[in-house]
Amino acid sequence: MNFPSMVLIKRFRSAALLIISIAMTAASVSHADEDAERENLTRISYELSQLQRMISDAAKEAETSGGARFRYDLLARDLRLVRAGVDDHLQRPRQPQRVQPLAGDYRN
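### Some words on the overall build of the protein
In step 1: Counting its regular elements, the protein contains 3 helices and 0 strands.
In step 2: Helices (α) and strands (β) of the protein occur, in sequence order from the N terminus, as α-α-α.
In step 3: The burial tally for the protein puts 22% of its 108 residues in the buried class.
In step 4: Restricting to contacts in the protein with at least 6 residues of sequence separation, those with at least 24 account for 79%.
In step 5: For the protein, the computed accessible surface area is about 8700 Å², with 55% contributed by carbon and sulfur atoms.

### Quick look at helix α2 (residues 34-61)
In step 1: Over its 28 residues, α2 extends 41 Å from the first C-alpha to the last, a length consistent with the 40 Å expected when each residue adds 1.5 Å.
In step 2: Listed as buried for α2 are Arg38, Asn40, Leu41, Ile44, Ser45, Glu47, Leu48, Ser49, Leu51, Met54, Ile55 and Ala58.

### Topic: the nonpolar core
In step 1: Ile44, Leu48 and Leu51 are the most contacted members of the largest nonpolar core, which totals 17 residues.
In step 2: Counting residues per element, the ones that place at least two in this core are α1 (3-28), α2 and α3 (72-91).
In step 3: At 7 residues, α2 tops the list of elements feeding residues into this core.

About the cut-offs
All residue numbers refer to positions counted from 1 along the written sequence of the respective chain. Under the rules for a predicted model, residues below a pLDDT of 70 receive no local features and side-chain atom pairs below 80 are neither given nor counted, while totals for whole chains, interfaces and linings still include all residues. Based on all heavy atoms of the structure, the side-chain values leave hydrogens and waters out of the count. Each helix corresponds to a stretch of at least 4 residues labelled H or I by DSSP, and each strand to a stretch of at least 2 residues labelled E; elements are numbered beginning at the N terminus. Whether a residue is buried, partly exposed or exposed follows from its accessible area with a 1.4 Å probe, protein chains only, as a fraction of its type maximum: under 20%, in between, or over 50%, in that order. Here a residue-residue contact requires only that any non-hydrogen atoms of the pair lie within 4.5 Å. Surface accessibility follows the Shrake-Rupley procedure with a 1.4 Å probe radius. Residue values consider only the protein chains on display as shielding. To estimate the expected span of a helix, count its residues, drop one, and scale the result by 1.5 Å. Think of a nonpolar core as a cluster: buried Ala, Val, Leu, Ile, Met, Phe, Trp, Tyr and Cys residues, connected wherever their side-chain atoms sit within 4.5 Å.

Take a look at the structure:
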């Protein structure tokens, strides 16, 4: 493995540890304010997008000859799934919407 790939892998590991610690902090605060939770999830989503770039860079720099290769494509796919789940949660309404009751009787 060449030197630039090693640097990218070390950065990826550092970023992954940061995301895990942020996620654990967000999960461990049981009485967290909803705005604080959304802020943490937004930060996690941002960090995941940064990791996606790092994975793409590492995949481009990866050595293709010889032994076992790291499956950057599978890592990128899993990361997209995690980020999609976080983003989906962030896009949902904060509170259930009240639905007006239907009249039900349409005769005069």
